[in-house]
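As a plain string of letters, each chain reads:
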Amino acid sequence: MMSALLTILALTVTANAQLELQKYNVDPSQISLSGISSGAAMATQVHVSYSATFMGIGFNSGSPYWCAQGNAFIANGPCVNDPDQVIVSVLTDQTDYYDSVGLIDPVSNLYDTRVYIFHGLLDSVTDPGMGNKTLEYYQHYVNPANIEAVLDMQIEHTFPTMDYGNPCDVCRSPYMSDCNYDGSYAILNRIYGGTLLAPSGPVTLAGVFYEFDQTEFFPTSSPSDSSMDDIGLVYVPSGCVTKDTPCRLHVVFHGCDMGRYTLGDEFARNAGYNEVGELNNVIVLYPQVVPTPGPNLYGCWDWWGYTNENYATKIAEQSSAIYRMVQKMAF
């Protein structure tokens, strides 16, 4: 008991310092991910690329895998404002090609994964019809019983919370809104089988929230070369800090203008993931990207190819860095 207390105290004292990302007692069959906007597009890229690792995904207000086809004009055109031009069979054909040449894990892994898709009807950034396109994409690969799509709520392009942020019909920074709807819980509960404890009021976050060094996950380059931050964020629930109890791991991808560079830790601290994680022993990892001059002025994840043509595969700079983070934490 004293050893466990000292471990918690030591981590708490250094919680505001940049640390090396730690290994934890993570159940390797319970690793999942989610994202909003460009983070949703990134989440599906990592999910499809590393489907042997990730057992579930939460998808909020983004575009389906390979929607942009490596083209910024398609990304900023059909993928956000004209879903009728998005032909899902083109996307699945490319997915199957990447599978055939080993650039992604076998698509057969996707069948048993769990998928939660959310898109608000008031979305003024990404056409709400893109939610149906994402649904169609996943229906091609995933057991229909494992998919839940919530596409009928009067919500803007925002991350819905129970009580934090803008009015629900407003799209502006910090892109979180008080919708009386716990988006974090909806995602995690769906992914983890519908048995999670839900926050019923304020949750004491007795675990450790800390910054970690992302540079170690870029062995041959600088994070900035791939528009990634030197620093990432992580919340470790109190039940996972001492590493005695097997825990789940969930990776969250912020949207454009929602990362640490722009908002500090506001999204990571207020979206609601940490509260659900604390109650259910889910470690929450928040990797970070930054704006860069030229193609990524708003700090978006690469879902259209601004890094290179392999952006949607498991040899992509951003995706492979995330994979190395997960490997270090869980394996």
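Values in this document were obtained by computation on a predicted structure and should not be read as measured data.

1. So, the packing of aromatic side chains
Here the structure, examined in full by the defined rule, presents 13 aromatic pairs. Ring geometry for F118 versus Y181: centroids 5.8 Å apart, planes at 25 degrees, classification stacked. Linking F118 in strand β4 (residues 114-118) with Y181 in the loop between β8 (176-178) and α7 (183-191), this pair joins segments that are 63 residues apart in sequence. Each member of the pair, F118 as well as Y181, is classed as buried. Consider the rings of F212 and F217, whose centres lie 6.4 Å apart with planes at 80 degrees: the pair is edge-to-face. The exposure classification of F212 matches that of F217, with both residues buried. Through pairs of rings, three or more aromatic residues link up here, namely Y65, Y137, Y138 and Y141. Cation over ring: K243 sits above Y24, and NZ or CZ is 5.2 Å from the ring centre. For R269, the ring lying beneath its charged end belongs to F209, and the centroid distance is 4.0 Å.

2. Remarks on the environment of T313
Summarising the element assignment, T313 is placed in the loop between β12 (282-286) and α12 (317-330). Under the relative-accessibility criterion, T313 is labelled buried at 0%. Residues T313 and Y98, 215 residues apart in the sequence, show an inter-C-alpha distance of 7.6 Å. A distance of 2.9 Å separates a polar atom in the side chain of T313 from the backbone oxygen of N310.

3. Digging into the packing of helix α5 (residues 88-100) against helix α6 (residues 129-139)
Here α5 crosses α6 at 45 degrees, and the two axes come no closer than 10 Å. By the angle class used here, α5 and α6 are oblique. For the pair α5 and α6, the crossing hand works out as right-handed. Each of V88, L91, T92 and T95 in α5 lies in contact with α6, whose residues at this interface are K133, E136 and Y137. Counted by class, the contact of α5 with α6 contains 3 nonpolar, 2 polar and 2 charged residues.

4. Points about the state of the cysteines
Applying the stated criterion across every chain yields a total of 4 disulfides. One disulfide bridge connects C168 with C179, the sulfur atoms lying 2.0 Å from each other. The chirality of the disulfide connecting C168 with C179 is right-handed, given an S-S dihedral of about 105 degrees. You can see C168 sitting in the loop between β7 (166-167) and β8 and its partner C179 sitting in the loop between β8 and α7, a full 11 residues away along the chain.

5. A look at α12
End to end, α12 covers 20 Å across 14 residues, agreeing with the expected 20 Å (1.5 Å per residue, within 8%). Buried residues of α12: Q318, S319, S320, A321, I322, M325, V326, M329 and A330, and no others. Tucked into the core, α12 has its buried residues touching β2 (26-36), α2 (38-49), β9 (208-213), β10 (231-236), β11 (247-253) and β12.

6. A closer look at helix α11 (residues 273-280)
Counting buried residues in α11 gives 6 out of 8 residues, a clear majority hidden from the surface. Turning to α11, its buried residues are Y273, N274, V276, G277, E278 and N280.

7. Details of the pairing of β4
In terms of residue burial, β4 counts as a mostly covered element, since 4 of its 5 residues are buried. For strand β3 (residues 56-60) and β4, the ladder comprises 5 bridges, and the chain directions are parallel. Bridge pairing links N60 to F118 in β4. Pairing of β4 with strand β5 (residues 147-150), which is carried by 4 bridges, proceeds in the parallel orientation. Opposite F118, over in β5, you have V150 as the bridge partner. Once the chain exits β4 it traverses α6 before rejoining the sheet at β5, and the crossover so formed is right-handed.

8. Focus: the pairing of β11
Taken across its 7 residues, β11 has 6 buried, putting it largely inside the fold. With 6 bridges joining them, β2 and β11 adopt parallel strand pairing. Of the residues in β11, the one forming a bridge with V26 is C247. Of the strand pairs in this sheet, β11 and β12 are connected by 4 bridges, and their pairing is parallel. Its bridge partner lying in β12, R248 is registered against V282.

Rules behind the numbers
- Residues numbered from 1 in each chain as written.
- Predicted model: local features only at pLDDT ≥ 70, side-chain atom pairs only at ≥ 80, totals over all residues.
- Heavy atoms only, no water.
- Phe/Tyr/Trp six-rings, centres within 6.5 Å; stacked < 30°, edge-to-face > 60°.
- Helix = DSSP H or I, 4+ residues; strand = E, 2+ residues; numbered from the N terminus.
- Buried < 20%, exposed > 50% of the residue type's maximum accessible area, 1.4 Å probe, protein only.
- Lys NZ or Arg CZ within 6 Å of the ring centre and 35° of its normal.
- Polar contact = N/O pair within 3.5 Å; in protein donor to acceptor, adjacent residues only side chain to side chain.
- Axes fitted to C-alpha atoms, helices over the stretch in contact; angles between N-to-C directions.
- Parallel < 35°, antiparallel > 145°, perpendicular 65-115°, else oblique.
- Left-handed = near helix turned anticlockwise from the far one by under 90°.
- Contact = heavy atoms within 4.5 Å.
- Nonpolar A, V, L, I, M, F, W, Y, C, P; charged D, E, K, R; others polar.
- Disulfide = S-S within 2.5 Å.
- Expected span 1.5 Å × (residues − 1).
- Pairing = 2+ DSSP bridges.
- Right-handed = clockwise from strand over helix to strand, strands pointing away.

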